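Each chain is listed here by its residues.
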Amino acid sequence: MKILVCISKTPDTTSRIAFTDNNSRFDTDKVQFIINPYDEWYALVRAVELKEATGAEVTLIHVGPADGDAILRKALAIGGDRAVRVDADPADAYFVASQIAAFVRSDPHDLILTGKETIDYNGSQVGGMLAGLLDYPFVSLASRLDVAGNLVTLERDISGGKEILEVPLPVVVSCAKGMAEQRIPNMRGIMAARTKPLTVMTAHPADPLTRMVAFELPQTKQGVKLISPDQPEELVRLLHVEAKVI
Amino acid sequence: MSVLVFVEPADGVLRKPAFEAMSYGSRLAAAQNMQAYAVCLDESVPEDSLKQLGAYGAVKVLHDRSACFRPFDAQVFARAVRAAAEAVQARIIVLSLTYNGRALGPLLSAHMQAGLVTGAIDFPETNGEVFRIRKNVFGGKAIATVEVATAVKIIALMPNAVAPVRGEGVAEVETFTSGLQESDRRMRLTGVNKVSGKVALSDAEIVVSAGRGMKGPENWGMIEELAEVLGAATACSRPVADVHWRPHEEHVGQTGLAIRPNLYIAVGISGAIQHLAGVNGSKVIVVINKDPEAPFFKAADYGIVGDAFEVVPALTRALRRFKAGEMTFN
Ligand SMILES: Cc1cc2nc3c(=O)[nH]c(=O)nc-3n(C[C@H](O)[C@H](O)[C@H](O)COP(=O)(O)OP(=O)(O)OC[C@H]3O[C@@H](n4cnc5c(N)ncnc54)[C@H](O)[C@@H]3O)c2cc1C
Ligand SMILES: Nc1ncnc2c1ncn2[C@@H]1O[C@H](COP(=O)(O)O)[C@@H](O)[C@H]1O
């Protein structure tokens with residue numbers, strides 16, 4: 001079995017959120033980039049577990065400029081076998097999905113894993129678009145994934161619960177919390193990652209469908225109104241009369 | 001030309017996300033001199049409830065009653081919605097960003113090469129060919145304006161962002177045949193685990209959430225009682241789910257569920273930036289924490305500095321009296 005894990009790069013979760021160029025672009029000054037947590041903790045770790053259990057081969061793919069190589073090396077240290085970087089600006093989700101689809105057409109993979117969403121732009125789009133372009137079944141927000149032969153068993157989030165599904169390979173799955181536990185790369189992994197293949201590919205022609213043109217920060221709260229701990233009735237009154245939420 | 005709204009029932013009943021999407025779609029249609037249609041792919045919804053979509057602005061509801069739509073297979077849904085969109089010459093497709101909506105939107109976008117905005121929080125700004133719409137990014141820490149340049153546009157509306165407006169009217173319900181069949185579905189459902197009797201967190205209007213300040217899982221009774229009087233769902237911070245004090249479905253934040261209830265009550269949660277990312281879209285935030293320096297107070301509307309073990313039961317008692325009509329305000 002060949003598993004493809006889609007790896008995106010996001011600002012560290014504690015980054016200061018600020019914009020530049022007349023609020024048209026995220027300000028990357030002093031920002032540390034990390035592997036998108038959904039891709040790292042859930043998609044990648046589950047892929048590595050399946051590799052350990054079944055001998056599957058794990059390929060990583062990232063669409064982005066050269067600074068993504070550091071992200072891919074870390075993902076290799078966690079356990080990927082080889083990495084591919086499509087050297088292009090990830091203009092929008094459709095453009096990214098088109099790049100990954102072009103790669104899969106030239107180098108077929110059976111199980112394609114993405115994260116639930118990138119934590120910067122919160123798109124939740126690339127996985128579904130990729131499945132649409134490849135005409136593979138798509139299971140979103142999976143919290144459990146097992147493979148037996150050609151059949152994948154998945155648990156996925158639905159409103160108020162979980163659904164358990166069986167889907168034959170090939171399939172695209174977006175991974176959410178619960179699928180695996182975060183792993184910290186060890187020294188051996190880090191050393192091994194240095195010599196694993198990382199191939200850079202040129203972009204496949206594709207046009208983005210959308211463009212982010214401006215950013216703003218949300219209005220800040222007025223300031224907290226403090227209520228004395230021995231006056232819970234006052235909080236009830238405020239929630240009813242002033243905030244009108246109960 | 002028209003606006004097509006995908007309405008998704010839950011257990012055979014149309015609920016708030018469907019009404020939100022419908023009234024959003026019909027307001028969009030009115031602004032652009034178009035008709036608003038709905039498409040429903042669930043045979044179990046009675047015709048009478050579909051007619052009610054007229055009160056939210058639908059002129060006509062296309063209803064495909066094929067059994068192939070159960071269980072949900074996003075590819076099958078995307079192909080059927082596409083067929084409906086083509087039948088009514090839709091220029092804009094609206095859906096709600098529910099669990100299924102997250103799968104349907106991007107597939108539809110790829111099938112139709114139509115630009116998609118997930119998690120729209122507002123009506124679009126249109127000016128000639130320019131079509132721009134706002135959405136939350138960075139887990140609600142910022143808002144982005146997205147421009148969509150394609151002829152057909154897809155809007156996946158953030159639940160709870162735009163209130164449904166109910167008026168008068170009855171929609172016509174028309175049987176629609178998208179042509180999809182059982183053999184198109186590639187997945188098989190083998191089980192469903194519903195957390196019954198509790199309010200679903202993602203749709204909840206009120207959420208009571210607790211963190212490490214609760215000391216241990218045995219103390220969650222008071223949190224559940226507070227949630228019960230309020231008809232609220234329960235949630236928790238990540239470390240609490242990580243150590244299995246609470247089920248991981250309850251974990252909210254940057255790496256958990258992002259929610260936007262009308263009221264979010266946080267008990268014994270410090271308010272780390274990653275936690276706030278999932279909850280700061282809430283309309284009103286109440287923080288109960290014994291540490292006056294807890295960062296959460298900066299993001300709160302109301303706060304009580306005090307020991308949760310005393311404050312929460314007292315608040316529950318006060319709410320019980322309020323709910324029983326024993327409290328009057330002037
Ligand atoms: C990449 C990354 C992603 C993350 N994603 C998430 C996420 O999605 N969601 C999330 O929640 N966290 C997330 N975290 C973790 C986050 O940084 C915090 O560690 C976490 O939110 C803290 O949880 P807490 O507030 O329950 O616990 P603590 O920070 O330990 O706070 C406990 C609070 O309880 C108060 N308290 C103690 N006793 C009482 C009492 N008797 N009465 C009242 N108050 C009391 C204390 O004053 C304190 O403020 C993430 C971290 C990282 C690095
Ligand atoms: N530039 C990228 N390169 C590779 N994979 C990506 C990229 N952007 C997004 N993805 C994958 O798609 C998932 C969903 O991303 P998004 O649609 O941007 O929220 C991520 O969790 C990644 O697995």
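Residues numbered from 1 in each chain as written. Chains lettered and ligands numbered in written order. Predicted model: local features only at pLDDT ≥ 70, side-chain atom pairs only at ≥ 80, totals over all residues. Heavy atoms only, no water.

Re the pairing of strand β2 (residues 35-40) of chain B
All names here are of chain B.
Logical step 1: Across the 6 residues of β2, 5 count as buried, placing the element largely inside the fold.
Logical step 2: By the bridge criterion, 5 bridges tie strand β1 (residues 2-6) to β2 in an arrangement that is parallel. Bridge pairing in β2 places Phe6 opposite Val39.
Logical step 3: Tracing the backbone out of β1, into helix α1 (residues 16-31) and back to the parallel element β2 gives a crossover that is right-handed.
Logical step 4: Where β2 lies against strand β3 (residues 60-63), 4 bridges are found, and the strand directions are parallel. Note on β3: the bridge partner recorded for Val39 is Leu62. (Buried < 20%, exposed > 50% of the residue type's maximum accessible area, 1.4 Å probe, protein only. Helix = DSSP H or I, 4+ residues; strand = E, 2+ residues; numbered from the N terminus. Pairing = 2+ DSSP bridges. Right-handed = clockwise from strand over helix to strand, strands pointing away.)

Quick notes on the pairing of strand β9 (residues 138-148) of chain A
Residue and element names in this part refer to chain A.
Logical step 1: Taking burial as the measure, the 11 residues of β9 include 8 buried ones, the bulk of the element.
Logical step 2: Pairing of β9 with strand β12 (residues 171-175) involves 3 bridges; the strand directions are parallel. Across the sheet, residue Phe138 finds its bridge partner in β12, namely Val172.
Logical step 3: Strand direction decides the pairing type here: β9 and strand β10 (residues 151-158), joined by 6 bridges, are antiparallel. Looking at the pairing, Ala148 lines up with Leu151 of β10.
Logical step 4: In this antiparallel pair of consecutive strands, β9 and β10, the connection spans 2 residues, and Gly149 shows a positive phi of 60°.

Some thoughts on the packing of aromatic side chains
Logical step 1: Going through the model one piece at a time under the given rule, you end up with 16 aromatic pairs over all chains.
Logical step 2: Aromatic rings pair up to connect Phe19(A), Phe26(A), Tyr121(A), Phe215(A) and Phe138(B) into one cluster. (Phe/Tyr/Trp six-rings, centres within 6.5 Å; stacked < 30°, edge-to-face > 60°.)

Describing the sheet that holds strand β6 (residues 57-63) of chain A
Logical step 1: Pairing within the open sheet is mixed, and its 10 strands lie in the order β13(A)-β7(A)-β6(A)-β1(A)-β8(A)-β12(A)-β9(A)-β10(A)-β11(A)-β11(B). Strand pairing shows two members of the sheet lacking a second neighbour, β13 (198-202) of chain A together with β11 (188-194) of chain B, which therefore form its edges. Each adjacent strand pair in this sheet contributes to an overall mean axis angle of 30°, direction not counted.
Logical step 2: Note: strand β1 (residues 2-6) of chain A against strand β8 (residues 111-115) of chain A, 3 bridges, orientation parallel. (Axes fitted to C-alpha atoms, helices over the stretch in contact; angles between N-to-C directions.)

Structural notes on the environment of Asp307(B)
All names here are of chain B.
Logical step 1: With respect to the secondary-structure elements, Asp307 resides in the loop between β16 (302-305) and α8 (308-323).
Logical step 2: Considering only alpha carbons, one finds Asp307 and Ala18, 289 residues apart in sequence, at a separation of 41 Å.
Logical step 3: Polar side-chain contacts of Asp307 include one of 3.0 Å to the backbone nitrogen of Phe309. (Polar contact = N/O pair within 3.5 Å; in protein donor to acceptor, adjacent residues only side chain to side chain.)

Notes on helix α4 (residues 99-112) of chain B
All names here are of chain B.
Logical step 1: Under the 1.5 Å per step criterion, the end-to-end length of α4 is 21 Å for 14 residues, consistent within 8% with the ideal 20 Å.
Logical step 2: The element α4 is extensively covered by neighbouring structure, given that 14 of its 14 residues are classed as buried.
Logical step 3: Directly beyond the C-terminal end of α4, a positive phi value near 50° is found at Gln113. (Expected span 1.5 Å × (residues − 1).)

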